[in-house]
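# Analysis of the macromolecular model
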Amino acid sequence: MSEVKDTPIESSPLPAPKPKRPLPLSRQMVNEQTAKCYAEAWAAKENGEPVGWSTAIFPQEVCEAFGVPVLYPENNAAAISAKHLGDPFIEHAEGAMGFPINICSYARLNMGMADVLDNPDYKADPAMPRPDFLLLANNSCTQLMKWYECLSEALNIPIFFVDCLFNYYEEEPAFYKVKYVRSQIENYIENMEKFLKRKLDWDKYLEVQKRSQINCQLFNEIVDLNRRTPAPMSGFDLFNYMSCLVLCRGKESTTEIFKQLKAEVEENIKNNTSTFPGEEKYRVHWEGIACWPNLGFNLKKLKEYNVNAVMNGYVTAWDVRYAPGDLDGMAKAYQTSSTNSLSTPTIMNKRVDSIKNFGCDGMLCHVNRSCKLMTFHIFVGREIVESNAHIPVANFDGDQSDTRIFSEAQFETRLQGLVEIMKEQKEGAV
Amino acid sequence: MLTMGIDIGSAACKSLILKDGKHILSKEVFPLGTGTSGPNKVFEQALANACLEHKDLDHIMVTGYGRFTFDAADSQRSEITCHAAGMHFTMPKVRTLIDIGGQDIKILRLNERGKVESFVMNDKCAAGTGRFLEVMARVMNVRIEDLGALSMQSTEEVSISNTCTVFAESEVISKLSTGVKLPDLVAGILASVAKRVASLAFRNGVEAEVGMSGGVALNEGIINALSKELKTQILVPELCQYLGALGAAIYAGKEAL
Ligand code: SF4
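For clarity, every value in this text was computed on a predicted model and none was experimentally measured.

## Some remarks on the overall build of chain B
What chain B contains, in helices and strands, is 8 helices and 10 strands. In terms of overall size, chain B behaves like a compact globule, its C-alpha atoms giving a radius of gyration of 18 Å where 257 residues would be expected to give roughly 18 Å. Here the C-alpha coordinates of chain B stretch approximately 60 × 35 × 30 Å along the principal axes. Evaluated residue by residue, chain B yields a buried proportion of 53% over its 257 residues. Across chain B, contacts joining residues at least 24 apart in sequence account for 69% of those joining residues at least 6 apart.

The following block contains the structure:
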């Protein structure tokens, strides 16, 4: 009997699962930082202290200086979607709550979640506690305003609003626009002091500004390292590390993560290695938010076709740069860091510059059903890219959180077509 | 050198055998797509037509929606570049290629060497595709291949306003019940497909000559409606249905070298 027991066929009917590659230290640090943020928010809640929910690109410096925990529904929705846990919330928002399929899926997911926060079986990963106030800046889109209005009404909590202006004709906002946004930030600080019943520590605030600048600068330096051919990082890594700037732009722990990441990337350069899991034969510029639920499939196909999406037009949205202490500079930066607040030619010419800087052979555009603002410029913009950067462009349908939109077969055909064109162009057969 | 290209679409399969990258020895089409017996049928039949056996072929390349599922293939390639190569082989002056497939619409801009410079494809929506025409033909109880001839008899086109296949189907049913003439309704349906395809074509820029590939190109009514929308003549090669398979056979020759 013991012979039978020892035969591998009898004792292990299933092949052993492929061992997962351990996460690099920097990624482990990101996970720890995220977990800590959520834990702090829950701890504050339990202690009866206020917790905020904020739009993704809001002057976080103020709450950071106050030491008040803030979480970010867009970032939270992305994390939940990447884990394929978003559908029940989206279904709840569309079903019981009656929100239409045409609005942003981050909004649907989050409003669906907000509606069940007090249910005893409320579960999400990561789970956000009930907020006590909302921070809203409309610099990435105006849909956020209605979303937050709904939240405010449903949860009966105040909104602190910074109204940012669209820049049709200029990359640099006009002085009166800067003044307008600056006065709102000042007003926001005053109102937050009243809400929290304590004064802002201006020294701390300056420290946070300095820290935020260090972090943005470090992230830029890391992103720039991906200009190298072959790139030391899979471009999709940027989506993961970018979350540090969303969630913890003003924290020292982000500095530590970015220093570690930079060292890892430099090590890759030194050893001629990369986190891109395949051979990098083609470099593309990715346009739009990631299809979070399909990130794994997208990466698998990119690897199969030897395509590294080395850079994307999304990660720079948190590059909120200004001189610490300069409130005008800060007001200007918050108005323009997201390219959503710029005109199509301005956005696309920025992309053209980036395509040239990163040596991209093609562009892959996510036609995102949810995010009209990060999609509409693609249709006209592709002509600008084709004529100014002389590279082919392919579009595919998808969504950042709604799992019903993306089609694996469509994505693969478009990617393969793009690769075949890039190959012919590289080989000079065109 | 003998190469075979097989185009396994969502609605039909096509195959073609090429000698030395120049001479077409055999071709076959079968009106069933991926996941059916269609791929094997066109493979066997194309060989039988040319009195050849599998072992005589130097390379088999598969393209189309079902390109990953055919075991006898040596390689596969996207339908985008295959259609371009097929069109260039038959009509080298074509610079804008329109292909209406079962579930895809492709608009390709080609250079003088037949290489794709840019392409656009439909959104994830059946409007304007071959499947849309199939659904409409079924609801009107006419054969899809008769749509073109029927539309020619129209005296007053009945316009169809819905682009969504499901709503257009209901619209057609309700129009039929009001007693409109069948040819007028067919003309309206073809015009709606043409409008949809034309808007996509304009997105990619329309440069003469304009050529069309795919089985839908055999439908005169579509060609007329599309010429009207694009305000230009549309060239249809005799081999329009086989251009994907032809392109695959051409690329197969390059890979076999
Ligand atoms: S629509 Fe786009 S910019 Fe607006 S909230 Fe949704 S993802 Fe963000």
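Here the narrative resumes, following the displayed structure.
## A closer look at the packing of helix α3 (residues 130–140) of chain B against helix α6 (residues 182–204) of chain B
Residues and elements named next belong to chain B. Contact geometry of α3 with α6 gives a least axis separation of 11 Å together with a crossing angle of 165 degrees. Viewed along their axes, α3 and α6 adopt a mutual orientation that is roughly antiparallel. Considering only the axes of α3 and α6, their crossing is right-handed. Where α3 approaches α6, its residues Phe132, Leu133, Met136 and Met140 are matched on the opposing element by Leu182, Leu185, Ile189 and Val193. Tallied by class, the residues present in the contact of α3 with α6 amount to 8 nonpolar, no polar and no charged.

## Focus: the interface of chain A and chain B
At the interface, 19 residues of chain A touch 15 residues of chain B. When contributions to the side of chain A that touches chain B are tallied by element, the ones reaching two or more residues are α16 (376–388), β8 (393–398) and α17 (408–426) of chain A. Among the elements that make up the side of chain A that touches chain B, the one with the highest residue count is α17(A) (9 residues). For the side of chain A that touches chain B, a count of residues per class yields 9 nonpolar, 5 polar and 5 charged.

## Description of the pairing of strand β6 (residues 96–100) of chain B
Residue and element names in this part refer to chain B. Counting buried positions along β6 gives 5 out of 5 residues, so the element sits mostly inside the fold. A two-sided burial pattern is seen for β6, the buried positions comprising Thr96, Ile98 and Ile100 on one face and Leu97 and Asp99 on the other. With 5 bridges connecting them, β6 and strand β7 (residues 105–110) associate as antiparallel partners. Each residue of the ladder has a partner; that of Ile98, found in β7, is Ile107.

## Comments concerning the nonpolar core
All names here are of chain B. Ile6, Leu190 and Ala249 are the most contacted members of the largest nonpolar core, which totals 199 residues. Among the elements that make up this core, the one with the highest residue count is α6 (11 residues). In this view, Ala249 contacts Thr3, Met4, Gly5, Leu16, Ile17, Leu18 and Met61; residues no more than four positions away in its chain are not counted.

## Brief notes about helix α6 (residues 87–94) of chain A
Among the residues making up α6(A), those that are buried are A:Phe89, A:Ile90 and A:Ala93. Down the axis of α6(A), the sector holding all buried residues measures 100 degrees, keeping them to one side.

## Points about the pairing of strand β4 (residues 59–63) of chain B
All names here are of chain B. With 5 of 5 residues buried, β4 lies mostly within the body of the structure. Residue alternation in β4 divides its side chains into two sets, His59, Met61 and Thr63 and Ile60 and Val62, and both sets are buried. As paired strands, strand β1 (residues 2–8) and β4 are joined by 5 bridges and run parallel to one another. Within the sheet, the bridge partner assigned to Thr3 lies in β4 and is His59. Both β4 and strand β5 (residues 75–76) contribute to a ladder of 2 bridges, which runs parallel.

## Looking at the confidence of the model for chain A
Looking at chain A as a whole, its pLDDT mean stands at 93, while 95% of the residues score no less than 70. Scored below 50 in pLDDT, residues 1–12 of chain A makes 4 contacts in the model with residues more than four places away or belonging to other chains.

## Focus on the sheet that holds β6(B)
Residue and element names in this part refer to chain B. Strand order in the open sheet formed by 5 strands is β8-β7-β6-β9-β10, with mixed pairing between adjacent strands. Each having just a single partner strand, β8 (116–121) and β10 (234–235) make up the two edges of the open sheet. Summarising the sheet, strand β9 (residues 210–213) and β10 pair through 2 bridges and their orientation is parallel. Bridge pairing in β10 places Val210 opposite Ile234.

## Digging into the sheet that holds strand β7 (residues 362–368) of chain A
All names here are of chain A. What the 4 strands build is an open sheet, ordered β6-β5-β7-β8; its pairing is parallel. Edge positions in the sheet fall to β6 (307–312) and β8, since each has one partner strand and no second. Here the average twist between neighbouring strands, direction ignored, is 30 degrees. By the bridge criterion, 6 bridges tie β7 to β8 in an arrangement that is parallel. From the neighbouring strand, His366 faces β8, where its bridge partner is Phe396.

What counts and what doesn't
- Residues numbered from 1 in each chain as written.
- Chains lettered and ligands numbered in written order.
- Predicted model: local features only at pLDDT ≥ 70, side-chain atom pairs only at ≥ 80, totals over all residues.
- Helix = DSSP H or I, 4+ residues; strand = E, 2+ residues; numbered from the N terminus.
- Rg over C-alpha atoms; globule rule 2.2 N^0.38 Å.
- Buried ≥ 20, exposed ≤ 12 C-beta atoms within 10 Å, placed from the backbone.
- Contact = placed C-beta atoms within 7 Å.
- Axes fitted to C-alpha atoms, helices over the stretch in contact; angles between N-to-C directions.
- Parallel < 35°, antiparallel > 145°, perpendicular 65-115°, else oblique.
- Left-handed = near helix turned anticlockwise from the far one by under 90°.
- Nonpolar A, V, L, I, M, F, W, Y, C, P; charged D, E, K, R; others polar.
- Pairing = 2+ DSSP bridges.
- Core = buried A, V, L, I, M, F, W, Y, C linked by C-beta atoms within 7 Å.
- Arc of directions from axis to C-beta.
- pLDDT = per-residue confidence, 0-100.

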